[in-house]
Amino acid sequence: AVLAEAATIAEDLCLTIEAMELWRECLRINPSHPVATRQLAGLERLAGNLDLARRAGERGLALRERLLGGDDLDIARTLAVLALVDRLEGKPEAAREKLERALAIAGQKGVESGEIGRWINNLGLVASDVGHLAEAELHFRKALAVIERSEGRESALVALALDNLGAALRAQEK
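Cut-offs and rules
Every chain is numbered on its own, with residues counted from 1 as its sequence reads. The predicted nature of this model means local features are confined to residues of pLDDT at least 70 and side-chain atom pairs, given and counted, to a pLDDT of 80 or more, with totals for whole chains, interfaces and linings taken over all residues. Values reported for side chains reflect all heavy atoms of the structure, with hydrogen atoms and water molecules removed beforehand. A run of H or I in DSSP counts as a helix once it spans at least four residues, and a run of E counts as a strand once it spans at least two, with each numbered from the N terminus. Note that the radius of gyration is over C-alpha atoms, with the globule rule given as 2.2 Å times the number of residues to the power 0.38. Only protein chains enter the accessibility calculation, which uses a 1.4 Å probe; a residue is then buried when its area is under 20% of its type maximum, exposed when over 50%, and partly exposed in between. Any two residues having at least one pair of non-hydrogen atoms within 4.5 Å are treated as being in contact. Each accessible area value is a Shrake-Rupley result obtained with a 1.4 Å probe; residue values ignore everything except the protein chains displayed when judging cover. Here Asp and Glu are counted as negative and Lys and Arg as positive; His is not counted, and neither are the chain ends. Positions of charges follow a simple convention, taking NZ of Lys, CZ of Arg, CG of Asp or CD of Glu. A pairing counts as a salt bridge when a side-chain nitrogen of Lys or Arg comes within 4 Å of a carboxyl oxygen of Asp or Glu. We call a set of buried Ala, Val, Leu, Ile, Met, Phe, Trp, Tyr and Cys residues a nonpolar core when their side-chain atoms join them within 4.5 Å. Note on method: axes are straight lines fitted to C-alpha atoms, helices fitted across the in-contact stretch only, with angles between N-to-C directions ranging 0 to 180 degrees. In this scheme, roughly parallel covers angles under 35 degrees and roughly antiparallel covers those over 145, while 65 to 115 is roughly perpendicular and the rest are oblique. Note on convention: the crossing is left-handed when the near helix lies turned anticlockwise from the far helix by less than a right angle, right-handed when the turn is clockwise. Polarity classes work like this: nonpolar for Ala, Val, Leu, Ile, Met, Phe, Trp, Tyr, Cys and Pro, charged for Asp, Glu, Lys and Arg, and polar for all others, with Gly in that last group. What a helix should span is 1.5 Å times the count of its residues minus one.

Draft legend 1. Just the overall build of the chain, in detail. Secondary structure summary: the chain contains 9 helices and 0 strands in total. Ordered by position from the N terminus, the helices and strands of the chain form the series α-α-α-α-α-α-α-α-α. The C-alpha radius of gyration of the chain comes to 16 Å, within 12% of the 16 Å expected for a compact globule of 174 residues. The proportion of buried residues among the 174 residues of the chain is 43%. A sequence separation of at least 24 residues applies to 50% of the contacts in the chain between residues at least 6 apart. For the chain, the computed accessible surface area is about 8,900 Å², with 55% contributed by carbon and sulfur atoms. Of the side chains in the chain, 23 bear a positive and 28 a negative charge, and the two mean positions are spaced by 2 Å.

Draft legend 2. Here's a closer look at the environment of Pro92. Tracing the sequence through the fold places Pro92 in helix α6 (residues 92–109). Look at Pro92 and you get partly exposed, because its relative accessible area is 26%. Not counting residues within four places of it along the chain, the set of residues in contact with Pro92 comprises Val126 and Val130.

Draft legend 3. Here's a closer look at the pattern of salt bridges. Here the structure, examined in full by the defined rule, presents 20 salt bridges. For Glu65, the salt bridge goes to Arg101, with nearest N and O atoms at 2.6 Å. Of this pair, Glu65 sits in helix α4 (residues 50–68) while Arg101 sits in helix α6, placing them 36 residues apart in sequence. Residue Arg101 is classed as partly exposed on the basis of its relative accessible area, which comes to 31%.

Draft legend 4. Broad picture of the nonpolar core. Judged by nonpolar contacts, the single largest core of 21 residues is most densely connected at Ala76, Leu79, Leu99, Leu103, Ile116, Trp119 and Ile120. Every element with two or more residues in this core is listed here: α5 (73–88), α6, α7 (114–129) and α8 (133–151). Beyond its immediate chain neighbours, meaning those up to four positions away, Trp119 contacts Leu73, Ala76, Arg77, Ala80, Leu99, Ala102, Leu103 and Ala106.

Draft legend 5. Focus on the packing of α5 against α7. Where α5 meets α7, the closest approach of the two axes is 11 Å, and the angle between their N-to-C directions is 30°. As far as their axial angle goes, α7 and α5 are roughly parallel. You can see that α5 and α7 cross each other, and the crossing is left-handed. For the pair formed by α5 and α7, the contact residues are Leu73, Ala76, Arg77, Ala80, Leu84 and Arg87 on the first element and Glu115, Trp119, Asn122, Leu125, Val126 and Asp129 on the second. Considered class by class, the residues forming the contact of α5 with α7 number 7 nonpolar, 1 polar and 4 charged.

Draft legend 6. Broad picture of the environment of Ala76. One can find Ala76 in helix α5. When its relative accessible area of 0% is taken as the criterion, Ala76 is described as buried. When the C-alpha atoms of Ala76 and Trp119 are compared, they prove to be 9.8 Å apart, with 43 residues separating the residues in sequence. Setting aside anything within four residues of it in sequence, one finds Ala76 in contact with Ala102, Ile105 and Trp119.

Draft legend 7. Quick look at α8. Between its first and last C-alpha atoms α8 spans 26 Å; for 19 residues at 1.5 Å apiece the expected length is 27 Å, and the two agree. Where α8 is concerned, the buried positions are Ala136, Glu137, His139, Phe140, Ala143, Leu144, Val146 and Ile147. If you follow the buried residues of α8, they end up packed against α7 and α9 (156–171). Two residues or fewer after α8 comes Gly152, characterised by a positive phi angle close to 95°.

Here it is, written out as structure tokens:
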């Protein structure tokens with residue numbers, strides 16, 4: 001518990017390498033730590049270590065599904081991290097499937113947050129990647145609405161969604 005808290009603090013301070021080491025140590029002590037695999041996957045993705053990110057994420061996903069079943073919000077979070085890895089690896093269909101599953105889980109739980117808005121935004125990016133600009137526009141508009149409701153208009157996530165929406169509109173010459 002102390003290592004996990006220290007890793008979270010390191011992440012909050014943008015100490016990525018230190019946080020990664022702390023999460024790895026958590027996994028050495030407890031290979032089925034419920035949060036460490038997802039957090040490590042996300043940090044490995046940020047560091048550009050996509051293979052390590054995928055392995056950590058898939059390991060965490062298997063653990064969480066075995067422990068919690070298929071509809072836990074932590075499973076959705078892990079799916080969202082893996083979807084980002086898929087997108088970076090040029091696997092848009094796999095990314096879309098994971099994001100849609102993550103959003104379905106969040107919908108079943110009645111969760112609406114900035115985090116969910118980011119997932120919808122990422123779904124728009126995947127649609128944009130494959131040239132489905134009208135679909136991307138719809139996702140960006142929905143992400144913007146969710147983020148504004150949950151985070152407020154001043155959130156940095158609003159700026160992100162607006163930027164992506166603007167890019168989709170420009171690409172469609174709207």
